[in-house]
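# Coordinates in review
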Amino acid sequence: MKKISLLFIAFLLVFSSCSDYLEVENPNAITSDKFFSSEIDVQKAVAGIYNAIRSNNCLGETSDLFSEERSDNAGRTDNQSAAGTPFQFTNFSLVPTNPEMKNHWNALYTVVSRANYVLSNIDNPSIRFTDENNRAIYKSEALFLRALAYFHLVRKWGDVPMVTEFMTSYEDIEASTFRVEKALVYRQIAEDLTNALNSNLPNIQPAASKGRTCKAAINGLLGQVYLTMGSVLTENKQDNYTKAKQYLEASYAMRSFGQLSEIPYEDVFDVDKKNICPEIIFQIVYRQGDQNYYSNVAFRNQSIGETINTRRPSTGRGFFVNPDLVNEYETGDTRKDFSVKWADHPSAKAWFITKYRDASDAAGTNGWGGNDYILMRYADIILMLAEVNDRLGNTAEAISYLNQVRNRAGLPDYQNSDASYHAKYPTLKMAILHERRSELAFENHRLYDLLRAFGENPQEFVNHFKRKNPADFGISDLNNVSTKDIYFPIPFDEHKLDPVKMYQNPGY
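Source: prediction; values computed, not measured.

In this section: the packing of helix H6 (residues 133–157) against helix H9 (residues 215–232). In the contact formed by H6 and H9, the axes pass within 11 Å of each other and the chain directions differ by 25°. Judged on the interaxial angle alone, H9 and H6 are roughly parallel. The handedness of the crossing between H6 and H9 is left-handed. Together, Phe-144, Leu-148, Phe-151 and Arg-155 of H6 and Ala-217, Ile-218, Leu-221, Gln-224, Val-225 and Thr-228 of H9 make up the contact between the two elements. Tallied by class, the residues present in the contact of H6 with H9 amount to 7 nonpolar, 2 polar and 1 charged.

This is the structure in structure tokens:
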């Protein structure tokens, strides 16, 4: 008998009972054979999808292992024997049996499974809603979250299994276990997000509902999807870029401020302003001082001998920042001193992340912080608008968006920057890529930015790393980088179920 992988088990998961979109009390409260009998059941099931994305194996605050450590932003100072299998990500030595990668795959498919459960049952006319508009809202949320999960899957693994119905039998699951060409996965993601706009979701969620999606987030993600499609697929490039511009502009139009400079950079990460900062579009919510739902990101990043992030004493070096990133900040960039700090402790002597801080009384010496993990904010939207306009040849418009971000950081306009800046970033494309790195460091964007910039030609992705100074990458061995690394390997347990239909990515 073939071993059933965790992907298969994920399709049989039952759904969560919760009192709000943060707490999950009983993961077995609604069984798959009961389906929905009331609006409360639907609400609980949708909350279960949100709960799935907050997992650290999925998109929670320590999911940077699957993105930041796979890019040129962050790494490790301990080797394979000390760090174990996580070191494979930053060392570009990932193997199909890596357990963290398998857990990430399973966590993303858990989101898919829970979303499919809702979408397969929500249109049942026997379910009575206090307001029929709520049915469409819950459906939009499920579509958005399924699309979000598939977007991470397709960018990390390429062709992946794509299931849009809730599976209730082993036979159904087995029949659906095959890799689908990535262009079709992207098409399904775009369709889900387009359909998700068909409800009365607010443009931006009010303070009391932060952590739930909104129309600005749906438009923003849809714009990013089309931007990625234009960058990595060979067909319909112009059309994809045009649609990316359309949806990114729609998201941008929903902001409640004028220029980005109206919002101090520090405010975006201020735990006291996380529910009211107009730049934040979509976030994973954590609860300050709560032993079950607190954020650990401030303590996890902090180096020994330091107190800037949290009152909880640290014993290690914190999250290691590659000097390559530190060197990329321009002179006068106000984001540098807020985002990173040199730890001069004898056991550290390294840069660590200071972007996420909570040294409040409520967080205390336990380090139970209140930092939300931001998945989408307007600086990201603005820089994607710069990127897509550059792709479309709208140079003046692209520069205008780029300058919004540079101005807030205390930097001169692109066209007024000195010769050394233009020598280092000789094209507008490279200047935008640089700006995204400085602005969005440690927010899990860098890997995907590199894949958009270089993913169509894998050798360019390799060359980007080969041009780096190895001394600026901790102990990561850049000699390991090859064209295979634009994708993760298919997890071994998934591949061996059917080596033909679940074929392995090249090079693994």
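With their axes 7 Å apart at the nearest point, H9 and helix H10 (residues 237–253) run at an angle of 160° to one another. Relative to H10, the element H9 lies roughly antiparallel. Relative to H10, H9 is oriented so that their crossing is left-handed. Facing H9, whose interface residues are Ala-216, Asn-219, Gly-220, Leu-222, Gly-223, Gln-224, Tyr-226, Leu-227, Met-229, Gly-230, Ser-231 and Val-232, H10 presents Lys-237, Asn-240, Tyr-241, Lys-243, Ala-244, Tyr-247, Leu-248, Ala-250 and Ser-251. Residue composition of the contact of H9 with H10, by class: 11 nonpolar, 8 polar and 2 charged.

A positive phi angle, near 55°, is found at Asn-236, a position not held by glycine. Judged by its relative accessible area of 52%, Asn-236 falls in the exposed class. Unusually for a residue other than glycine, Phe-442 sits at a positive phi of about 70°. Mapped onto the elements of the fold, Phe-442 is located in the loop between helix H17 (428–440) and helix H18 (446–454). Judged by relative accessible area, Phe-442 falls into the buried class, the value being 3%.

Considering all chains together, one arrives at 0 disulfides under this definition. No disulfide involves Cys-214; its sulfur sits 13 Å from that of Cys-277, the nearest cysteine. Exposure remark for Cys-214: the relative accessible area of 0% places this residue in the buried category. Take Cys-277: its relative accessible area is 5%, and that puts it in the buried class.

What follows is about H18. Given 3.6 residues to a turn, an α-helix orients residues that are three or four positions apart in the same direction. Burial within H18 is extensive, with 9 of its 9 residues counted as buried. Every buried residue of H18 is listed here: Arg-446, Leu-447, Tyr-448, Asp-449, Leu-450, Leu-451, Arg-452, Ala-453 and Phe-454. Elements that come into contact with the buried residues of H18 comprise H6, H9, helix H14 (378–391), H17 and helix H19 (458–466).

The next point concerns the environment of Asn-121. For Asn-121, the position within the fold is in helix H5 (residues 99–121). For the pair Asn-121 and Phe-36, spaced 85 residues apart in sequence, the C-alpha to C-alpha distance is 7.1 Å. Filtering out sequence-adjacent residues up to four positions away, Asn-121 remains in contact with Phe-35, Phe-36 and Ile-127. There is a polar contact of 2.7 Å between the side chain of Asn-121 and the backbone oxygen of Tyr-117.

Reading guide: rules and limits
- Residues numbered from 1 in each chain as written.
- Predicted model: local features only at pLDDT ≥ 70, side-chain atom pairs only at ≥ 80, totals over all residues.
- Heavy atoms only, no water.
- Axes fitted to C-alpha atoms, helices over the stretch in contact; angles between N-to-C directions.
- Helix = DSSP H or I, 4+ residues; strand = E, 2+ residues; numbered from the N terminus.
- Parallel < 35°, antiparallel > 145°, perpendicular 65-115°, else oblique.
- Left-handed = near helix turned anticlockwise from the far one by under 90°.
- Contact = heavy atoms within 4.5 Å.
- Nonpolar A, V, L, I, M, F, W, Y, C, P; charged D, E, K, R; others polar.
- Buried < 20%, exposed > 50% of the residue type's maximum accessible area, 1.4 Å probe, protein only.
- Disulfide = S-S within 2.5 Å.
- Polar contact = N/O pair within 3.5 Å; in protein donor to acceptor, adjacent residues only side chain to side chain.

So, to be careful, I would describe these as geometric facts and stop short of saying anything about function.
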